[in-house]
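Read off the chains here:
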Protein chains: 2
Amino acid sequence: MAKVATAHETRAFETDGIPARERLLACAASIFAKRGYAGASMAEIAAEADISKSTVFHHFGSKRALYLAVIETAAQDFAATLETVLEKTGPLDERLVDFQCQHMGHILSNELVTDLVLRELQKSQSTESVHLVRDVLSANFMRLVDFISEAQSQKLLNEALDPSVAALTLISANVFFFQHRKVLKHLPNFDYADRPQPYAKAVIDVIFHGLDRDRSE
Amino acid sequence: MAKVATAHETRAFETDGIPARERLLACAASIFAKRGYAGASMAEIAAEADISKSTVFHHFGSKRALYLAVIETAAQDFAATLETVLEKTGPLDERLVDFQCQHMGHILSNELVTDLVLRELQKSQSTESVHLVRDVLSANFMRLVDFISEAQSQKLLNEALDPSVAALTLISANVFFFQHRKVLKHLPNFDYADRPQPYAKAVIDVIFHGLDRDRSE
DNA sequence: GTCTATAATTCGATAGAC
DNA sequence: GTCTATCGAATTATAGAC
């Protein structure tokens, strides 16, 4: 009781209390990821966050809404990183390497939520969830496509290529690596299984320079 | 009964009876894919193939073995296609487009088994299963890597790139498209959601020519 | 089919901040 | 005084056992 009162005093400004909400999102992410949507109980999430169940429902109206908020938060986290990376200046190949490595790093360091999102995407339930997931994720995707388009109009990238296909190819490479990183170890002649960052860079080497033979450095 | 006897007579050589075995594999593939490994019952598979349970166990010693055989068969099916495609002559970009389209077509027309394989790869259970799966799949992967390496030594492809990374990038693009084809429809500015073959071609455009600006047709 | 355990959701009240 | 975060208890809903 005394502890609760103390916690109240620590937040001085901001209309809605940030600490509890954030703690809640973090715990929810971990538990949803560990047990899946159905397997996770609001009671466990509340306990983990050291908050009463009712408070959870006060912040997020329902289990579903909490779940969506978890995913949305993860996407927005990456959106921030994305902005930082794409705003930089420098040679295009270096910026692409930077993007690819940051993206790889992001999905690996948030592996639980990444698994969650991938699982969610796979069951194509036409509920509100997927709609929102797609809306949220597509914002990041569009940001990357715009970046590529922009570079094309400035003649910095090959204009003949479809920017959305290029963007998706980049993302595919990272996601595939992420999903199968455990078994990739057993591919003969594949040196990158436990070196995600070098792999991300090698992918950009392929996609930026192209497989075509006429390379002159 | 008469039909079965006839079938027996048609096979003159080969130690194990082919027609029943094939029918069995097809039914098993469909049922494993529909119900998952645990959910599938040997009784249902036997019934579907119009074969007695004992016959199933005669051909494949166990449920696990049947399951593995299904996956192995799918991989070998593709190995045949792969050989046909890679043996062709012609400009490298056309051959790569051919490969990418054939591969896309293969995973789409075998979508149930593809889902099965992908699910199997994701749970990295270190049992015999995964070992075999990896061995089988890696044969096809190596075939593609060898093809790229070969082309590189003949100066037909950019020698600076890692052939296994290039191969994996190709496969990643198709698999990602396959896994998320349902939700890709909802990406704004993405025209390929229901056009897998054009997408496969567009991916090769990107990976063959590269994002780099200095394209001179 | 009822019974029961588990989990989601709602209600009413309290306390501190402005 | 209103607003919002918080809680404990009460109320459905659902899934599995018998």
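Residues numbered from 1 in each chain as written. Chains lettered and ligands numbered in written order. Predicted model: local features only at pLDDT ≥ 70, side-chain atom pairs only at ≥ 80, totals over all residues. Heavy atoms only, no water.

## Quick notes on the side chain of Arg181 of chain A
Residue and element names in this part refer to chain A.
Stage number 1. Looking at the secondary structure, you find Arg181 in helix H10 (residues 181-184).
Stage number 2. Polar side-chain contacts of Arg181 include one of 2.5 Å to the side chain of Glu111.
Stage number 3. Discounting chain neighbours no more than four positions away, the residues touching Arg181 are Leu108, Glu111 and Ala193. (Helix = DSSP H or I, 4+ residues; strand = E, 2+ residues; numbered from the N terminus. Polar contact = N/O pair within 3.5 Å; in protein donor to acceptor, adjacent residues only side chain to side chain. Contact = heavy atoms within 4.5 Å.)

## Details of the packing of aromatic side chains
Stage number 1. Across all of its chains, the model carries 14 aromatic pairs over all chains by this definition.
Stage number 2. Between Phe177 of chain B and Tyr199 of chain B, the aromatic rings sit 4.7 Å apart at their centres with planes inclined by 20°, giving stacked as the arrangement. In this pair, Phe177 of chain B is assigned in helix H9 (residues 163-184) and Tyr199 of chain B in helix H10 (residues 196-209), connecting sequence segments 22 residues apart.
Stage number 3. Judged by relative accessible area, which is 2%, Phe177 of chain B ranks as buried.
Stage number 4. Members of the aromatic cluster, joined through ring pairs, are Phe177, Phe190, Tyr192 and Tyr199 of chain A.
Stage number 5. In this arrangement the basic side chain of Lys63 of chain A is found over the ring face of Tyr37 of chain A, its NZ or CZ atom lying 4.7 Å from the centre. (Phe/Tyr/Trp six-rings, centres within 6.5 Å; stacked < 30°, edge-to-face > 60°. Buried < 20%, exposed > 50% of the residue type's maximum accessible area, 1.4 Å probe, protein only. Lys NZ or Arg CZ within 6 Å of the ring centre and 35° of its normal.)

## Regarding the domain arrangement of chain A
Residue and element names in this part refer to chain A.
Stage number 1. The domain architecture assigned to chain A consists of domain 1 (1-61) and domain 2 (65-217).
Stage number 2. In this assembly, 13 residues from domain 1 lie in contact with 10 residues from domain 2.
Stage number 3. For the pair domain 1 and domain 2, the two sides together bury roughly 960 Å², of which 86% comes from carbon and sulfur.
Stage number 4. If you look at where domain 1 meets domain 2, you find one residue pair in polar contact (both at pLDDT 80 or more).
Stage number 5. Put simply, the parts of the chain that give the side of domain 1 that touches domain 2 at least two residues each are helix H2 (18-39) and helix H3 (42-48).
Stage number 6. Its residues placed into classes, the side of domain 1 that touches domain 2 shows 10 nonpolar, three polar and no charged. (Domains from an automatic or database assignment. Buried area = accessible area lost by both parts, 1.4 Å probe. Nonpolar A, V, L, I, M, F, W, Y, C, P; charged D, E, K, R; others polar.)

## Considerations on the interface of chain A and chain B
Stage number 1. If you look at the interface, chain A gives 51 residues, while chain B gives 50 residues.
Stage number 2. A combined buried area of about 4900 Å² lies between chain A and chain B, and 70% of that area is made up of carbon and sulfur atoms.
Stage number 3. If you look at where chain A meets chain B, you find zero salt bridges.
Stage number 4. Linking chain A with chain B are two residue pairs in polar contact (both at pLDDT 80 or more).
Stage number 5. At the level of elements, helix H7 (111-122), helix H8 (128-153), helix H9 (163-179), H10 and helix H11 (196-209) of chain A are the ones that each hand at least two residues to the side of chain A that touches chain B.
Stage number 6. It is H9 of chain A that contributes the most residues to the side of chain A that touches chain B, 11 residues altogether.
Stage number 7. Taken together, the residues that form the side of chain A that touches chain B break down as 29 nonpolar, 13 polar and nine charged. (Salt bridge = Lys/Arg side-chain N within 4 Å of Asp/Glu carboxyl O.)

## Focus on the environment of Val175 of chain A
Stage number 1. Counting through the fold element by element, Val175 of chain A comes out in helix H9.
Stage number 2. Here Val175 of chain A falls in the buried class, since its relative accessible area comes to 8%.
Stage number 3. Each C-alpha atom, one on Val175 of chain A and one on Leu118 of chain A, is 9.1 Å from the other, the two residues being 57 residues apart in sequence.
Stage number 4. The residues contacting Val175 of chain A, other than those within four sequence positions of it, are Ile107 and Leu118 of chain A together with Phe176 of chain B.

## Notes on the relation of the copies chain A and chain B
Stage number 1. Under the fitted operation, chain A is carried onto chain B by 0.0 Å of movement along the axis and a turn of 180°, and the coordinates agree to an RMSD of 0.1 Å. The transformation just described matches what one would write down for a two-fold rotation axis. Minimal C-alpha distance to the rotation axis in chain A is attained by Gly210 of chain A, lying at 1.8 Å.
Stage number 2. Looking at the interface residues of chain A, 98% of them are also at the interface in chain B, so both copies use one shared face. (Least-squares fit on C-alpha atoms with pLDDT ≥ 70 in both.)

## As for the nonpolar core
Looking at soluble globular proteins, one finds that nonpolar side chains tend to be buried together.
Stage number 1. In terms of nonpolar packing, the biggest core is built from 90 residues, with Phe190 and Tyr199 of chain A together with Phe190 and Tyr199 of chain B touching the most fellow members.
Stage number 2. Considering every element that reaches this core, the biggest residue donor is H9 of chain B, with 12 residues.
Stage number 3. With sequence-adjacent residues up to four places away left out, Tyr199 of chain B is seen in contact with Val165, Leu168 and Thr169 of chain A together with Met104, Ala173, Phe177, Phe190 and Tyr192 of chain B. (Core = buried A, V, L, I, M, F, W, Y, C linked by side-chain atoms within 4.5 Å.)

## Details of the confidence of the model for chain A
Residues and elements named next belong to chain A.
Stage number 1. The share of residues in chain A with pLDDT of 70 or more is 85%, and the mean pLDDT across the chain is 85.
Stage number 2. Mean pLDDT across the elements of chain A ranges from a minimum in helix H1 (residues 2-10), with 35, to a maximum in H9, with 97.
Stage number 3. Long-range and interchain partners of residues 1-17, a stretch whose pLDDT sits below 50, account for one contact in this model, where long-range means more than four residues apart. (pLDDT = per-residue confidence, 0-100.)

## Comments concerning the environment of Glu48 of chain A
All names here are of chain A.
Stage number 1. Inspection of the secondary structure puts Glu48 in helix H3.
Stage number 2. Judged by relative accessible area, which is 47%, Glu48 ranks as partly exposed.
Stage number 3. The residues contacting Glu48, other than those within four sequence positions of it, are Cys27 and Ile31.

## Describing the packing of H9 of chain A against H9 of chain B
Stage number 1. For the pair H9 of chain A and H9 of chain B, the least separation of the axes is 8 Å and the interaxial angle reads 95°. In terms of axis orientation, H9 of chain A runs roughly perpendicular to H9 of chain B. Of the residues in H9 of chain B, those touching H9 of chain A at Leu168, Thr169, Ile171, Ser172, Ala173, Val175, Phe176 and Gln179 of chain A are Leu168, Thr169, Ile171, Ser172, Ala173, Val175, Phe176, Gln179 and Leu184 of chain B. (Axes fitted to C-alpha atoms, helices over the stretch in contact; angles between N-to-C directions. Parallel < 35°, antiparallel > 145°, perpendicular 65-115°, else oblique.)

## Thoughts on the packing of H9 of chain B against H10 of chain B
Residue and element names in this part refer to chain B.
Stage number 1. Look at H9 against H10: their axes get within 11 Å of each other, and the N-to-C directions meet at 150°. Here H9 is positioned roughly antiparallel relative to H10, judged by the angle of their axes. Helix-helix and strand crossings are classified by hand; for H9 and H10 the assignment is right-handed. Two secondary-structure elements touch here, H9 through Thr169, Leu170, Ala173, Asn174 and Phe177 and H10 through Pro196, Tyr199, Ala200, Val203, Ile204 and Ile207.
Stage number 2. Of the residues in the contact of H9 with H10, the class split is nine nonpolar, two polar and no charged. (Left-handed = near helix turned anticlockwise from the far one by under 90°.)

## Points about H9 of chain B
Stage number 1. Helix geometry: H9 of chain B is bent most strongly at Phe178 of chain B, by close to 45°.
Stage number 2. Extensive coverage of H9 of chain B is indicated by the burial of 21 of its 22 residues. (Bend = angle between axes of the 7 residues up to and from the residue.)

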